[in-house]
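Residue-level structure breakdown
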Amino acid sequence: MISLVKNTDNTNTRYNNKRNVFKKFQTSANLHQPAHGGLRELRVKSTTHKLGFWEKSGVIIGSVAGTILPMLYFAKKQNAKIFNLHFGLKEMIVVGAGSIFGGVVAGIASDKSKNHKHKVNEGIFQFFNATVPPLVFAGLTKIQEKTKYAKNKAVSIANTIVGLTGGMFLAAKTANLVIDPHDKVPDRKLTMKDAVVNIDDALGVFALAKFPLIGKLHPEKVLPAIYAWCGYRAGQSN
């Protein structure tokens with residue numbers, strides 16, 4: 001009996017020791033989990049901090065001003081009214097860059113929490129997302145124009161789809177490389193909100209396919225508002 005009890009105690013002791021080690025491992029793992037999760041959540045999700053009324057107003061004014069000023073320049077150059085501009089590749093890049101720059105500068109000036117780096121990073125991401133897909137689409141269109149058997153609607157639609165999807169992922173990859181070249185934190189991922197900036201090209205797909213009513217819409221009319229919104233997202237980002 002004594003031997004049996006002793007053996008049982010030893011067994012329980014060994015089991016308890018192993019169990020305690022396992023608990024210790026769990027505790028350590030749990031201690032690291034929130035930090036990693038919090039860091040990933042910071043970069044993966046498009047997060048915003050709560051802005052006050054004057055902070056929001058400052059970012060809105062900055063992003064709108066950054067949109068309007070380049071449009072005034074192009075309106076004079078094209079001899080057109082400001083909201084009747086022709087948006088080619090150059091106009092899209094310059095107006096998009098202006099709105100994002102204006103939003104970031106205004107956001108930094110009005111930010112009491114001093115999240116300046118996050119705003120600059122989001123501005124870089126928004127800029128690449130606004131410019132890379134049109135550049136990819138333009139390159140594919142150039143190739144199509146020089147290819148005899150590719151001059152048809154099916155190829156044009158395919159070019160637009162590839163330019164949009166491929167361009168967005170390329171933009172995200174490039175932006176993350178610029179923001180975090182040593183890959184120290186998880187990448188900023190694409191969201192549905194990020195796709196809104198390329199809505200003009202998406203509508204172009206349906207127009208080429210002769211989808212009802214799309215031909216009567218003028219997506220370039222909403223581009224200034226979309227670019228201003230991108231600038232606002234960058235300026236208020238944390």
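No experiment lies behind these values; they were computed from the predicted model shown.

In the predicted model, the chain carries a mean pLDDT of 76, and the fraction of residues at 70 or more is 71%. Confidence, expressed as mean pLDDT per element, reaches its minimum in the chain at helix α1 (residues 2-44) with 44 and its maximum at helix α2 (residues 53-78) with 93. Across residues 11-48, where pLDDT falls below 50, the model places 25 contacts with residues more than four positions away in sequence or in other chains.

Okay, the side chain of T160 next. Summarising the element assignment, T160 is placed in helix α5 (residues 153-179). Judged by relative accessible area, which is 3%, T160 ranks as buried. Among the polar contacts made by the side chain of T160, one reaches the main-chain carbonyl oxygen of S156 at a distance of 2.9 Å.

Take the nonpolar core next. Core analysis: the largest hydrophobic core is formed by 16 residues, its most contacted members being L85, F87, V95, V197 and Y227. Of all the elements in the fold, those that place two or more residues in this core are α2, α3 (89-110) and α8 (223-235). The element best represented in this core is α8, accounting for 5 residues. In this view, V197 contacts N129, A130, I226, Y227 and C230; residues no more than four positions away in its chain are not counted. Listed in part, the 7 residues of the second largest apolar core include F125, V132, A171 and I179.

Analysis parameters
Residues numbered from 1 in each chain as written. Predicted model: local features only at pLDDT ≥ 70, side-chain atom pairs only at ≥ 80, totals over all residues. Heavy atoms only, no water. pLDDT = per-residue confidence, 0-100. Helix = DSSP H or I, 4+ residues; strand = E, 2+ residues; numbered from the N terminus. Contact = heavy atoms within 4.5 Å. Buried < 20%, exposed > 50% of the residue type's maximum accessible area, 1.4 Å probe, protein only. Polar contact = N/O pair within 3.5 Å; in protein donor to acceptor, adjacent residues only side chain to side chain. Core = buried A, V, L, I, M, F, W, Y, C linked by side-chain atoms within 4.5 Å.

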